[in-house]
Amino acid sequence: MDYVEKINLENKRKLQILLNELPEFCVDFFRYLDTRNTSSRTSLSYGYDIRLFFEFVQKTNNAYQKMAMHDIPIVVLDEVTPVDIEKYLSYLSYYQKKEGQAVTNGEKGKSRKLSAIRTMYNYYFKKEFIKTNAPSMIETPRKHKENIIRLDKDEVADLISAVENGTSLTARQLSAHQKTKYRDTAILTLLLGTGIRVSECVGLDITDVSFKNNGMRVVRKGGNESTVYFGEEVADALLDYLEIERPLLAEKALPDQQQALFLSLKHGRLTTRAVENLVKKYTGAANITKKITPHKLRSTYGTNLYKETGDIYLVADALGHKSVETTRQHYAAIDDERRKLAGKFSGSIFHEDQ
C-alpha cells in the first residue's frame, strides 16, 4: 500500500467515525459523493463542515438542543430558512469550539463551508427528500483579490544559503541540521524548482524519481497521476541527499517506510507539518520578513514560470490545476503589471530621439 492509499484509507476511517455523529440521513449523501469519485480528503472536509452546520442548528433551535445530532431528522433541512443561512455565515466570523478554542473565518472559509451545505442540500432537493433549498438562495461571500506573496531572486538565494550553511540557526537546530542539511536543501530546491504541493512532495517514493529524464511521478490533488520534470539544480540537490544522508536515515526506517523519498530523523516518512516547520525555520534564519509557507514557494515557481513564458496554460499544467481559470485568477496581478508596463512603454512614442 503506497502513501496515497494510506492517506485515503485514513480519511475514510475518520469519515466513518464522523458519520456516527452526523444525522443518520447524511449517510445517503456521503454514499452519493463516493459514487461521484469525490476525493477522500474532500469528503472528509465536507463532513467536518456539515457537522459544524448542525452544531449551529442545535445551538440556535430549541427543538434540537437536547437531541443527539445523530437523531436529528431530515425535516430540519426544510425548517432552515435563507435568513438562518445568513445568520450561520455571520456566526462563522467568530465562534468558539466546545473546548473553548476561538475560531474565525474570512471570505474563503465561509465560501468553502457554504459550498459544503449547498452540495448537501442540492442532493436531497434533487432526490425530492426536501421541498426547499435555502442555501441556493444565498450569494457566495465575495472574495477580495489577495496579493501573491512570493520570493524574489535575492530572497531565494538567501533561503538556499541559509539551508546549506545553517546560518543563524540555534544550537539545537544546528544539531539536527548536521544530519538533514542535504535533505532540507533537496526539499526546498524541489518545491522552488517544480511548484509541487507539499502533500505531493512528502508523498514521493524513491521509485517515483527518474534521473534518466529528470522526471518524477506525482499523485496530484484528486488522485490523478502526472509526470513533473525538473532541472539540473533539483537533480543535483536530490542526488546529494540520496547519496549522503538518506542511507543513514533509512537504516532504522520501518519496513513500510523504506520507499519514502524524504525520511525524518524518527526514521519515518516526513510529514507535511514537518516541511511547513522547516520552511518557517529557514526563512527565519534567512531574515526573510514575508510570511512564507510551502504554498508560497509554489507561488514563487508559478510566478516565475508565467513571467518567463507568458503561457497560462503551461503554468496551469505545471501546477496541476484542473481549471486554467484557477491559474488565471491567481496570476491576474502579473497581467496587471504587464499592462502597466505597456502603458509606460507607449510613452516612448512621444519621446523619440530627435
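Above: the structure in question.
Sequence positions are assigned chain by chain, starting from 1 and proceeding in written order. The predicted origin of the model limits local features to residues at a pLDDT of at least 70 and limits the giving and counting of side-chain atom pairs to 80 or more, whereas totals for whole chains, interfaces and linings rest on all residues. Side-chain metrics in this entry use all non-hydrogen atoms of the structure; hydrogen atoms and water are not considered.

Notes on the overall build of the protein chain
1) Next: What counts as a helix is a DSSP run of H or I of at least four residues, what counts as a strand is a run of E of at least two, and both are numbered from the N terminus. Helix and strand counts for the protein chain come out as 15 helices and 5 strands.
2) Next: Within the protein chain, the fraction of its 354 residues that count as buried is 42%.
3) Next: Residues are treated as being in contact if the distance between any of their heavy atoms lies within 4.5 Å. Pairs at least 24 apart in sequence give 60% of the contacts found in the protein chain among residues at least 6 apart.
4) Next: Total accessible area computed for the protein chain in this model is approximately 20800 Å², and 50% of it derives from carbon and sulfur atoms.
5) Next: Side chains of the protein chain give 53 positive and 47 negative charges; the mean places of these two sets differ by 5 Å. Using a 1.4 Å probe on the protein chains alone, a residue whose accessible area is under 20% of its type maximum counts as buried, one over 50% counts as exposed, and one in between counts as partly exposed. Each accessible area is a Shrake-Rupley estimate made with a 1.4 Å probe; only the visible protein chains count as cover when residues are assessed. Charged residues are defined here as Lys and Arg on the positive side and Asp and Glu on the negative side; His and the ends of the chain fall outside this count. We put the charge of a Lys on NZ, of an Arg on CZ, of an Asp on CG and of a Glu on CD.

Things to note about a positive patch on the surface
1) Next: Patch criteria: residues need more than 30% relative accessible area and no salt bridge. Like-charged residues are merged within 9 Å; nonpolar side chains of Val, Leu, Ile, Met, Phe, Trp and Tyr are merged within 5 Å. We define a salt bridge as a side-chain nitrogen of Lys or Arg found within 4 Å of a carboxyl oxygen belonging to Asp or Glu. A contiguous patch of positive charge on the surface is contributed by Arg 41, Lys 108, Lys 221 and Lys 322.
2) Next: By secondary structure assignment, the location of Lys 322 is in the loop between helix H13 (312-319) and helix H14 (324-330).
3) Next: The class for Lys 322 is exposed, based on a relative accessible area of 73%.

A short note on the side chain of Ser 40
1) Next: Among the secondary structure elements, Ser 40 is positioned in helix H3 (residues 40-60).
2) Next: As used in this structure description, the phrase polar contact means that two N or O atoms lie within 3.5 Å; if the pair is within protein, one of them must be able to donate a hydrogen and the other to accept it, and residues adjacent in sequence are counted only when both atoms belong to side chains. Side-chain polar atoms of Ser 40 contact the side chain of Asn 8, separated by 2.7 Å.
3) Next: Not counting chain neighbours up to four residues away, the residues in contact with Ser 40 comprise Asn 8, Asn 11 and Lys 12.

Description of the nonpolar core
1) Next: Counting 45 residues, the largest nonpolar core has Leu 188, Ile 196, Met 216, Phe 262 and Leu 297 as its most contacted members.
2) Next: Counting residues per element, the ones that place at least two in this core are helix H7 (153-165), helix H8 (171-194), helix H9 (198-202), strand E4 (215-219), helix H10 (232-250) and helix H11 (272-285).
3) Next: The element best represented in this core is H10, accounting for 7 residues.
4) Next: Other than its neighbours up to four places away in sequence, Leu 188 contacts Leu 159, Ile 160, Val 163, Leu 278, Val 279, Tyr 282 and Leu 297. To form a nonpolar core, buried Ala, Val, Leu, Ile, Met, Phe, Trp, Tyr and Cys residues must be joined to one another through side-chain atoms within 4.5 Å.

Remarks on the sheet that holds strand E3 (residues 209-210)
1) Next: Within the open sheet, the 3 strands sit side by side as E3-E4-E5. Their pairing is antiparallel. Each edge of the open sheet carries a strand with a single partner, namely E3 and strand E5 (225-229).
2) Next: When DSSP finds two or more bridges between two strands, those strands count as paired. Pairing geometry for E4 and E5, over 5 bridges, is antiparallel. By the bridge assignment for E5, Gly 215 is matched with Tyr 229.

Points about helix H5 (residues 82-92)
Each full turn of the α-helix corresponds to 3.6 residues, which orients residues three or four apart in the same direction.
1) Next: Within H5 the residues assigned to the buried category are Ile 85, Tyr 88, Leu 89, Tyr 91 and Leu 92. Along the long axis of H5, the arc covered by the buried residues comes to 155 degrees, so they all point the same way.
2) Next: Packed against the buried residues of H5 are H3, strand E1 (94-96), strand E2 (102-104) and helix H6 (107-126). Note: the arc covers the axis-to-C-beta directions of the helix.

Quick look at the pairing of E4
Remark: a regular strand shows side chains that alternate across the two faces of the sheet.
1) Next: Extensive coverage of E4 is indicated by the burial of 4 of its 5 residues.
2) Next: Between E3 and E4, which pair antiparallel one after the other, the connecting turn spans 4 residues, and Asn 214 there sits at a positive phi close to 50 degrees.
3) Next: Between E4 and E5, which pair antiparallel in sequence order, lie 5 residues; one of them, Gly 222, sits at a positive phi of approximately 100 degrees.

Quick notes on the pattern of salt bridges
1) Next: Considering all chains together, one arrives at 14 salt bridges under this definition.
2) Next: A salt bridge links Glu 21 to Arg 51; the shortest N-O distance between them is 3.2 Å. Here Glu 21 is found in the loop between helix H1 (3-19) and helix H2 (26-35), whereas its partner Arg 51 is found in helix H3, with 30 residues between them in sequence.
3) Next: The partly exposed category is assigned to Glu 21, whose relative accessible area is 29%.
4) Next: Put simply, Arg 31 and Asp 28 hold a salt bridge, and the shortest N to O gap is 2.9 Å. Placement of the pair is Arg 31 and Asp 28 together in helix H2, with a separation of 3 residues, close to one helical turn.
5) Next: A relative accessible area of 49% places Arg 31 in the partly exposed class.
6) Next: Salt bridges sharing partners connect three or more residues here, namely Asp 49, Arg 112 and Lys 113.

Some words on the packing of H3 against H5
1) Next: Axis definition: a line fitted to C-alpha atoms, limited for helices to the stretch in contact. Angles are taken between N-to-C directions and run from 0 to 180 degrees. Packing of H3 against H5 brings their axes to within 11 Å, and their N-to-C directions diverge by 110 degrees. The angle between the axes of H3 and H5 places the two elements in the roughly perpendicular class. Facing Asp 49, Leu 52, Phe 53, Phe 56 and Lys 59 of H3, the residues of H5 in contact are Asp 84, Ile 85, Lys 87, Tyr 88, Tyr 91 and Leu 92.
2) Next: Residues were grouped as follows: Ala, Val, Leu, Ile, Met, Phe, Trp, Tyr, Cys and Pro as nonpolar; Asp, Glu, Lys and Arg as charged; and all remaining residues, including Gly, as polar. Here the residues of the contact of H3 with H5 are counted per class, giving 7 nonpolar, no polar and 4 charged. Small angles under 35 degrees read as roughly parallel and large ones over 145 as roughly antiparallel, with 65 to 115 read as roughly perpendicular and the rest as oblique.

With respect to the packing of aromatic side chains
The geometry of an aromatic ring pair is captured by two quantities: the separation of the ring centres and the angle between the planes.
1) Next: Stacked, tilted and edge-to-face are the three classes assigned to paired rings of Phe, Tyr and Trp, where Trp is represented by its six-membered ring and a pair needs centres within 6.5 Å; plane angles under 30 degrees give stacked, over 60 edge-to-face, the rest tilted. Under the criterion given, the structure shown has 17 aromatic pairs.
2) Next: Ring centres of Tyr 123 and Tyr 124 lie 4.9 Å apart, and the angle between their planes is 70 degrees; this geometry places the pair in the edge-to-face category. By the burial criterion, Tyr 123 is buried, and Tyr 124 matches it.
3) Next: A centroid spacing of 5.9 Å and a plane angle of 80 degrees characterise the contact between Tyr 124 and Phe 129, whose relative ring orientation is edge-to-face.
4) Next: On the basis of relative accessible area, Phe 129 is assigned to the partly exposed category, the value being 45%.

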